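Listed here are the chains, written in short residue letters.
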Amino acid sequence: MSEPTSAFASRDYRYFFISRVLSALGHQMEVVALGWLVYAMTQSAFALGLIGLASFLPVLTMSLISGHVADRFDRRWIAIICYCVIALGSLGLIICALIGREALYAIYALTVLLGLARSFSNPATQALMPTLVPRDTLPNAISWSTSAWQSASIVGPALGGFLYIFGPGTVFGIAGLMFICSAMSLYSIHTRPAAQKREPATLDAALAGIRFMRQKPVIFGAISLDLFAVLLGGASALLPVYAHDILMTGPWGLGVLRSAISVGAILMAIVLTRFPVSRKSGHTMLISVAVFGLTIIVFGLSTNFWLSLAALLVMGASDMISVYIRQTLVQSETPDEMRGRVSAVSTVFIGASNELGEFESGMMAAALGTVPSVVLGGIGTLLVVALWAYFFPSLRNRDRLLSDSNE
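This report concerns the structure included in the present document. Remember, it's a predicted structure, so these values are computed and weren't measured experimentally. (Residues numbered from 1 in each chain as written. Predicted model: local features only at pLDDT ≥ 70, side-chain atom pairs only at ≥ 80, totals over all residues. Heavy atoms only, no water.)

## Details of the overall build of the chain
Here's step 1: On a plain count of helices and strands, the chain comes out with 16 helices and 0 strands.
Here's step 2: Out of the 407 residues in the chain, the part that is buried amounts to 56%.
Here's step 3: At a minimum sequence separation of 6, the contacts of the chain that also span at least 24 residues come to 87%.
Here's step 4: Summing over all exposed atoms, the chain offers an accessible surface of approximately 17500 Å²; the carbon and sulfur share of this is 68%. (Helix = DSSP H or I, 4+ residues; strand = E, 2+ residues; numbered from the N terminus. Buried < 20%, exposed > 50% of the residue type's maximum accessible area, 1.4 Å probe, protein only. Contact = heavy atoms within 4.5 Å. Areas by Shrake-Rupley, 256 points an atom, 1.4 Å probe, with all protein chains shown as cover.)

## A short note on a nonpolar patch on the surface
Here's step 1: A cluster of nonpolar side chains, Leu88, Leu91, Ile95 and Ile99, forms an exposed patch at the surface whose accessible area comes to about 410 Å².
Here's step 2: Considering the arrangement of structural elements, one finds Ile95 in helix α3 (residues 75–99).
Here's step 3: By relative accessible area, Ile95 is classed as partly exposed at 46%. (Patch = residues over 30% accessible without salt bridge, like charges linked within 9 Å, V, L, I, M, F, W, Y side chains within 5 Å. Salt bridge = Lys/Arg side-chain N within 4 Å of Asp/Glu carboxyl O.)

## So, the environment of Ser66
Here's step 1: With respect to the helices, strands and loops of the structure, Ser66 is situated in helix α2 (residues 45–72).
Here's step 2: As a C-alpha pair, Ser66 and Asn122 span 56 residues in sequence and 8.9 Å in three-dimensional space.
Here's step 3: Beyond its immediate sequence surroundings of up to four residues, Ser66 is in contact with Ser119, Phe120, Pro123 and Ala344.
Here's step 4: For Ser66, the side chain forms a polar contact with the main-chain oxygen of Ser119, separated by 3.0 Å. (Polar contact = N/O pair within 3.5 Å; in protein donor to acceptor, adjacent residues only side chain to side chain.)

## Points about the side chain of Ser19
Here's step 1: Looking at where Ser19 falls in the secondary structure, it is placed in helix α1 (residues 11–42).
Here's step 2: The buried category is assigned to Ser19, whose relative accessible area is 2%.
Here's step 3: Within polar-contact distance, the side chain of Ser19 engages the side chain of Ser182 at 2.6 Å.
Here's step 4: When sequence neighbours within four positions are dropped, the list of residues in contact with Ser19 reads Tyr83, Ser182, Ser185 and Leu186.

## A short note on the packing of aromatic side chains
Here's step 1: Inspection of every chain in the model, using the stated rule, returns 14 aromatic pairs.
Here's step 2: Judged by centre distance (5.9 Å) and plane angle (45 degrees), the rings of Tyr83 and Phe179 are tilted. Taken as a pair, Tyr83 in helix α3 and Phe179 in helix α6 (residues 168–187) lie far apart in primary sequence, 96 residues in all. Pair check on accessibility: Tyr83 and Phe179 agree, each one buried. (Phe/Tyr/Trp six-rings, centres within 6.5 Å; stacked < 30°, edge-to-face > 60°.)

## What about the pattern of salt bridges?
Here's step 1: Summed over the entire model, instances satisfying the criterion amount to 1 salt bridge.
Here's step 2: Of the charged contacts, one joins Arg11 and Asp12 as a salt bridge, the two residues approaching to 2.9 Å between their closest N and O atoms.
Here's step 3: Residue class for Asp12 comes out buried when judged on its relative accessible area of 7%.

## Section: the nonpolar core
As a rule of thumb, nonpolar side chains are buried together in soluble globular proteins.
Here's step 1: Counting 77 residues, the largest nonpolar core has Tyr13, Phe16, Val38, Ile107, Leu186, Leu257 and Phe299 as its most contacted members.
Here's step 2: When residues of this core are assigned to their parent elements, the largest contribution, 14 residues, is made by α1.
Here's step 3: In contact with Ile107, not counting residues within four places along its chain, are Leu34, Leu37, Val38, Met41, Ile51, Leu93 and Cys96.
Here's step 4: Formed by 33 residues, the second largest nonpolar core is a distinct cluster that contains Met213, Leu286, Ile325 and Trp388. (Core = buried A, V, L, I, M, F, W, Y, C linked by side-chain atoms within 4.5 Å.)

## Comments concerning the packing of helix α9 (residues 217–232) against helix α12 (residues 281–301)
Angle between the axes and distance between the axes: these two values describe a pair of packed helices.
Here's step 1: Where α9 contacts α12, the two axes come as close as 11 Å, and the packing angle between them is 5 degrees. By the angle class used here, α9 and α12 are roughly parallel. Here Ala222, Leu225, Asp226 and Ala229 of α9 come into contact with α12, specifically with Met285, Leu286, Val289 and Phe292.
Here's step 2: Of the residues contributing to the contact of α9 with α12, the split by class is 7 nonpolar, no polar and 1 charged. (Axes fitted to C-alpha atoms, helices over the stretch in contact; angles between N-to-C directions. Parallel < 35°, antiparallel > 145°, perpendicular 65-115°, else oblique. Nonpolar A, V, L, I, M, F, W, Y, C, P; charged D, E, K, R; others polar.)

Shown next as structure tokens:
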């Protein structure tokens, strides 16, 4: 029997958790298959970078709208519709894989469609979760939800790499089924939040999330630090190049390399549940991002599979510390009525920076070569840490992670 403090005591949260696991697995599998398929078609780092750009642009352009939509309409139905659209996109990717290189531009178009659906589903699901559990079990619910994503980030790439042996269509097909099942799980949720007064659909209301974050320099500094660190350190976009040309492994090896980052993250998450950051949180975040930059340099220079794997593990662990601090700051100080808009802004600043970082890495690799671009990205990350320590003294000097003051 579940303990009273367990989020799994809530029937609706159990369905939400199942949906979270399935959608995360499907997404991670498609990322691996899509990267390998495009590189196999083109042998081009530039083409891989365009995949990142195609994923990022919808999130960037729709962030203000999607956050406001999540605060005005039924978040459950928003996510259900988006997951069905993603499943249709997966079907389109199967057709493209069968056609071959002639369908490359169609793959980019479908990637835009998938990014558009995720731009609406992400803030909706993030804002939905707190309505499914009692307030005192919310930290437990957040912890399990984060673990679900990290676990899927471990299993999904390896599973996608293994299934790619049977062809990319197999990966896309199974991923599409996962999104359909994810939508069905959300449909089974009974909880209906109490009706709230809807703000007018104005530009001012849509921009409220950005204003809220700008008014809190510690939060703005933490989020922007993560954004630029991930933007410059987008080495994960070049993993297919490293797996294929430098480390001489195949799709399975690519899946293992991608999983290593999440393995490091989830191991650090377990450590943080036992030894949470309570003091010198700003200093700790800056140090963790600096370690992230150093491991990027090590990975970029490595020609040994095991050294590269170790660098990615440490990269994931250090990134988890900064993510943990940032999310705690944001979640502990965001009003419920603004949750959708703040989540949408955070998605652009953090989640979408992964895709933009992939585009930047692809462009740099095409211009300078794969290894120099990765190493320069790590050096750039270290420079960002130094600049943020200087320009955001409130972040650098932040002591307690949870504070009653509005720093």
